[in-house]
Amino acid sequence: KENTATVYTGDAALMTAGPGVSTATVRLGAHLSAEADGAGNEGEMTKARVTFELFKSNNLTGAPDQIISGVAVDSNGDALATVNALAADIYNVNVRVDAANQYWTANPIGIGVLNIVVPANEQQSSGGGWVSDAASTNGKANFGFNVKAARKGEQVKGNLTLVFRGTDGFNYIVKSNAWQDGYLQFFAEPGVSPAVYTRSGIKGRGNVQKVDPATGQTVASLGNYSFEVFTMDGDLLTPRQSDAFSITVWDSNDQVWHQVGSRTSPVTLGGGNITNKSQ
């Protein structure tokens, strides 16, 4: 078998059809790139078949919640599948080549994040996509989040997932798991009058999964991590601007473990969307 890198190219962030609708139709996509063999003949991509593995936000196991397999690949290395009635959640997505395929194997497997949100008439910050990440070996980090403000007597609630390739060769998945000391706050866009609340700040706690990129199996789980996110919803401005995202993750010793952008310098999205609803 020849090696092919797989990249997730499907939907990143979308909303269901309305507040009473809990599922959505989703486009899953992938692009396969053959490893150069030096002979100028990298093989025929159409002989590959792709499998998408979807893991919900609360799934910390190696068993996917949903598997879509046997997806055809065209001569350009692109694969596309449509999934109907997929439940709203944040999914981390693995892209593999079907195990029974006799010609190709995914190395490394593709990783991505898919965020399906149910719109609500309340304060909410949500989004998904990817941003440039100099500390990731493929130069990008994928993310998805959906966080709702605390009501009286309650706490912030929601989910966040961040996925990136570490410099040690492993994939890392950050997932939120606690909001006891967390928050969701909204901020006005600097220099804009009257005030437009384009920005959000989110803080919570989570754990980290260290994943073998060749097998997709978790080799270590790290707990008691914390994160802080800052976002900008450029669609709220006139004229519209690009959305932006930043995240800082601290380890159990409160040392910065991974950082993309900052509060004052969020990174423009390379793909995806952010929606901030402050009222």
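Remember, predicted model here, so these are calculated numbers, not experimental data.

### Concerning the overall build of the protein chain
Thinking step 1. Each helix and strand in the protein chain was counted, giving zero helices and 18 strands.
Thinking step 2. The dimensions of the protein chain, computed from C-alpha atoms along their principal axes, are 60 × 40 × 35 Å.
Thinking step 3. Counting every position in the protein chain, which comprises 279 residues, the buried fraction comes to 49%.

### Re the environment of lysine 203
Thinking step 1. Relative to the helices and strands, lysine 203 is located in strand 14 (residues 199–211).
Thinking step 2. For lysine 203 and valine 229, which are 26 residues apart along the polypeptide, the C-alpha to C-alpha distance reads 6.4 Å.
Thinking step 3. Contact partners of lysine 203, with chain neighbours within four places excluded, come to Trp179, Asp181, Gly182, Tyr183, Phe227 and Glu228.

### Looking at the sheet that holds strand 4 (residues 49–55)
Thinking step 1. With mixed pairing, five strands are arranged side by side in an open sheet as 2-9-7-4-5. At either margin of the open sheet sits one strand with a lone partner, and together these are strand 2 (13–15) and strand 5 (66–72). With strand direction ignored, the average angle separating the axes of adjacent strands in the sheet is 25 degrees.
Thinking step 2. Bridge count for strand 4 against strand 7 (residues 90–97) is six bridges, and the pairing is antiparallel.

### Focus: the pattern of salt bridges
Thinking step 1. Tallied over the entire structure, the rule returns five salt bridges.
Thinking step 2. Here glutamate 122 ties to arginine 151 by a salt bridge, and the two come within 3.4 Å at their closest N and O atoms. Remark: arginine 151 occurs in the loop between strand 11 (140–148) and strand 12 (157–165) and glutamate 122 occurs in the loop between strand 9 (110–117) and strand 10 (124–132); sequence separation between them is 29 residues.
Thinking step 3. As a salt-bridge pair, glutamate 189 and arginine 199 come within 2.9 Å of each other at their nearest N and O atoms. Note that glutamate 189 is positioned in the loop between strand 13 (171–187) and strand 14 and arginine 199 in strand 14, a separation of 10 residues in sequence. With respect to class, glutamate 189 is no different from arginine 199; both count as buried.
Thinking step 4. A cluster of three or more residues bridged by salt bridges with shared partners is formed by Glu122, Lys148 and Arg151.

### Remarks on the sheet that holds strand 6 (residues 78–87)
Thinking step 1. Spatial strand order, 6-3-1-8: four strands in an open sheet with mixed pairing. Each end of this open sheet is capped by a strand with a single partner; those strands are strand 6 and strand 8 (104–106). For this sheet, the mean inter-axis angle between neighbouring strands, taken without regard to orientation, is 35 degrees.

### Describing the packing of aromatic side chains
Thinking step 1. Per the counting criterion, the structure on display carries eight aromatic pairs.
Thinking step 2. Between phenylalanine 143 and phenylalanine 145, the ring centres sit 6.1 Å apart and the planes meet at 25 degrees, which makes this aromatic pair stacked. Accessibility assignment for this pair places phenylalanine 143 and phenylalanine 145 in one class, buried.
Thinking step 3. An aromatic cluster is present here, built from Phe164, Tyr172, Tyr225 and Trp257 joined pairwise through their rings.

### Remarks on the nonpolar core
Thinking step 1. One finds Leu28, Val50, Phe52 and Leu114 to be the most contacted residues of the largest nonpolar core, which totals 28 residues.
Thinking step 2. Looking at this core, the elements with two or more residues in it are strand 3 (23–34), strand 4, strand 5, strand 6, strand 7, strand 8 and strand 9.
Thinking step 3. The element that contributes the greatest number of residues to this core is strand 3, accounting for five residues.
Thinking step 4. Those residues in contact with leucine 28 that sit more than four places away from it in its chain are Tyr8, Gly10, Phe52, Leu54, Ile68, Ala79, Leu80, Ala81, Val83 and Leu114.
Thinking step 5. In terms of nonpolar packing, the next biggest core, distinct from the first, is built from 27 residues, Phe143, Leu162, Val208 and Tyr225 among them.

What counts, and where the lines are drawn
Residues numbered from 1 in each chain as written. Predicted model: local features only at pLDDT ≥ 70, side-chain atom pairs only at ≥ 80, totals over all residues. Heavy atoms only, no water. Helix = DSSP H or I, 4+ residues; strand = E, 2+ residues; numbered from the N terminus. Buried < 20%, exposed > 50% of the residue type's maximum accessible area, 1.4 Å probe, protein only. Contact = heavy atoms within 4.5 Å. Pairing = 2+ DSSP bridges. Axes fitted to C-alpha atoms, helices over the stretch in contact; angles between N-to-C directions. Salt bridge = Lys/Arg side-chain N within 4 Å of Asp/Glu carboxyl O. Phe/Tyr/Trp six-rings, centres within 6.5 Å; stacked < 30°, edge-to-face > 60°. Core = buried A, V, L, I, M, F, W, Y, C linked by side-chain atoms within 4.5 Å.

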